[in-house]
Amino acid sequence: MRDKLKKITVCAVFSALAAVTGILESFLPLRFIFPIPGVKLGIANIFIVFAYLFYGMPSAFAVCISRILIVFIFSGSAVSLFMSLGGGLFSFLSLCAMMKFYEKYFSFVGVSAVTAVFHGLGQIVCAYFIVGSAVIFYLPILLLACSATGIFTGTLMNISKNKLAVFIKERKF
Amino acid sequence: MNKKLLRNDIILITAVSAVIALSAFAIYKPDKSEYITVTVNNQIYRSYRLDGNICEKIGNTGVVLEIRDGTAKIIYSDCPDKLCLNTPGITQLSPVGASIVCLPNKVAAVKANKSPKSKEADGIAG
């Protein structure tokens, strides 16, 4: 019972953190580094990966979906919901595949780079359905930007994983 | 951190980047085309010459396209995120397929080789 409560609470906190960092990082002027619109660091992804690591796939999926819904309620339009659902689902599927190799073959840097690239791919696919083939032009440069931000968030995860694991597993709430 | 994992990460990321770079070669084909084709809702709305001088509202969307000094830009949009306003303009040097997209308005301006025959439009009159 206590463990279950703790799991629900931690996942809720993760969802809230993912939503807030997602909104905050959209204020970072990354477009001066990457000359395309809408590039974000993807710090929100960190919490989804940690939910997967500590509590398994269903919890990670819950965090992923609730983050998208929270952002939609506070700042979204139907178009941005569609775009983030596309990116979220693509990256979640690739995350499920990559976590099978985590610690066996790849660290978080590899996992995160691949999921970030799939996030970009999902968004391009969604944008393709909305405006048509014009968005294909963004594909290579967006995916390169994604793998760069993926390496960044992966490094953050490698650094913070052990500290967070102690906090999650041992601290009494 | 484990050395083997780090090595595998580097191999993986190099492979992914290589695939992306290959796709870039397939998509970016620079040439001296001079048309901008504007689509609304994935339907061709009109095409403009890049050497023209225009500033006009696209259909009944809230988007204003400007072509001046060989550069096409979206200079006004009523959408909430304004990403299209921050997209760099399309010039004569941009590769074919370079585009400015406003997702909320479903408007895309794309650089094209030639003007579609049925919708021939000259930038001077535009």
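Here the residue numbers are simple positions, counted from 1 along each chain's written sequence. Chain labels run from A onward and ligand labels from 1 onward, assigned in the order the entries are written. In keeping with the predicted nature of the model, local features appear solely for residues at pLDDT of at least 70, side-chain atom pairs appear and are counted solely at 80 or more, and the whole-chain, interface and lining totals rest on all residues. Computation of side-chain values covers all heavy atoms of the structure but excludes hydrogens and water.

A separate point is the sheet that holds strand S1 (residues 35-40) of chain B. Across a sheet, paired strands are connected by hydrogen bonds in the backbone, their directions being either parallel or antiparallel. Residues and elements named next belong to chain B. Paired strands, as defined in this entry, are two strands with at least two bridges between them according to DSSP. By definition, any uninterrupted DSSP run of H or I lasting at least four residues is a helix, any uninterrupted run of E lasting at least two residues is a strand, and each is numbered from the N terminus. The strand order across the open sheet built from four strands is S2-S1-S7-S6, with neighbouring strands paired in antiparallel fashion. Only two strands of the sheet have a single neighbouring strand rather than two, namely strand S2 (43-49) and strand S6 (99-102). The average undirected angle you get between the axes of adjacent strands in this sheet is 20°. Pairing geometry for S1 and S2, over six bridges, is antiparallel. Residue pairing for S2: Thr 37 is matched across the bridge by Ser 47. All axes here are fitted lines through C-alpha atoms, helices being fitted over the stretch that makes contact, and every angle between N-to-C directions spans 0 to 180 degrees.

What follows covers the pairing of S1 of chain B. Residue and element names in this part refer to chain B. Classification of residues uses two cut-offs on accessible area relative to the type maximum, computed with a 1.4 Å probe and protein chains only: under 20% is buried, over 50% is exposed, and between them is partly exposed. With six of its six residues buried, S1 lies for the most part within the structure. Here S1 shows a buried face lined by Tyr 35, Thr 37 and Thr 39 and a second buried face lined by Ile 36, Val 38 and Val 40. In terms of strand pairing, S1 meets strand S7 (residues 107-112) through six bridges, oriented antiparallel. Looking at the pairing, Tyr 35 lines up with Ala 112 of S7.

Residues and elements named next belong to chain A. In this analysis, rings of Phe, Tyr and Trp, with Trp reduced to its six-membered ring, are considered paired at centre separations within 6.5 Å, and the interplanar angle assigns stacked below 30 degrees, edge-to-face beyond 60, and tilted for intermediate values. Scanning all chains against the criterion turns up ten aromatic pairs over all chains. With 5.9 Å between their ring centres and 85° between their planes, Phe 50 and Phe 108 make a pair best called edge-to-face. Of this pair, Phe 50 sits in helix H2 (residues 44-55) while Phe 108 sits in helix H5 (residues 108-131), and the two are 58 residues apart along the sequence. There is no split in this pair, since Phe 50 and Phe 108 are both buried.

Counting 48 residues, the largest nonpolar core has Ile 36, Val 38, Ile 58, Leu 65, Ile 67, Val 101 and Leu 103 of chain B as its most contacted members. Put simply, the parts of the chain that give this core at least two residues each are helix H4 (78-99), H5 and helix H6 (139-170) of chain A together with S1, strand S4 (63-68), strand S5 (71-77), S6 and S7 of chain B. Contacts: residue pairs with any heavy atoms within 4.5 Å of one another. Residues within four places of Ile 58 of chain B in sequence aside, it is in contact with Val 38, Val 40, Tyr 45, Tyr 48, Val 63, Leu 65 and Val 107 of chain B. Grouping buried Ala, Val, Leu, Ile, Met, Phe, Trp, Tyr and Cys residues that are joined through side-chain atoms within 4.5 Å yields what is termed a nonpolar core. Of all hydrophobic cores here, the second largest spans 32 residues; its members include Val 10, Phe 50, Tyr 52 and Phe 54 of chain A.

In this assembly, 34 residues from chain A lie in contact with 33 residues from chain B. Once two parts are joined, some of their accessible surface, as seen by a 1.4 Å probe, is lost; buried area is that loss totalled over both. For the pair chain A and chain B, the summed buried area comes to about 2600 Å², and 74% of that belongs to carbon and sulfur atoms. For chain A, the biggest contributors to the area lost against chain B are Val 131, Phe 137 and Pro 140 of chain A; these three give 23% of the whole. Each salt bridge in this description consists of a side-chain nitrogen of Lys or Arg and a carboxyl oxygen of Asp or Glu lying within 4 Å of one another. Joining chain A to chain B, the criterion identifies zero salt bridges. A 3.5 Å cut-off defines polar contacts: any pair of N or O atoms within that distance qualifies, except that in protein one atom must be a possible hydrogen donor and the other a possible acceptor, and neighbouring residues in sequence count only when both atoms are side-chain atoms. Across the chain A-chain B interface, the total number found is five residue pairs in polar contact (both at pLDDT 80 or more). Of all the elements in the fold, those that place two or more residues in the side of chain A that touches chain B are H4, H5 and H6 of chain A. Looking at the side of chain A that touches chain B residue by residue, the classes come out as 25 nonpolar, six polar and three charged. We call Asp, Glu, Lys and Arg charged. Ala, Val, Leu, Ile, Met, Phe, Trp, Tyr, Cys and Pro are nonpolar, and the rest, Gly among them, are polar.

Okay, the pattern of salt bridges next. Opposite charge on two side chains permits pairing when their charged atoms draw close. All names here are of chain B. Summed over all chains, the structure comprises four salt bridges over all chains. Between Arg 46 and Glu 56 there is a salt bridge whose closest N-O contact spans 3.6 Å. Of the two residues, Arg 46 is situated in strand S2 and Glu 56 in strand S3 (residues 54-57); the sequence distance between them amounts to ten residues. The exposure class of Arg 46 is partly exposed, given its relative accessible area of 22%. Among the ionic pairs, Glu 66 bridges to Arg 68, the shortest N-O distance being 4.0 Å. Since its relative accessible area comes to 17%, Glu 66 is described here as buried.

Turning next to the pairing of S6 of chain B. Here S6 of chain B shows two buried faces, one formed by Ser 99 and Val 101 of chain B and the other by Ile 100 and Cys 102 of chain B. If you look at the hairpin formed by S6 of chain B and S7 of chain B, you'll find four residues sitting between the two strands, and Lys 106 of chain B has a positive phi there, around 55°.

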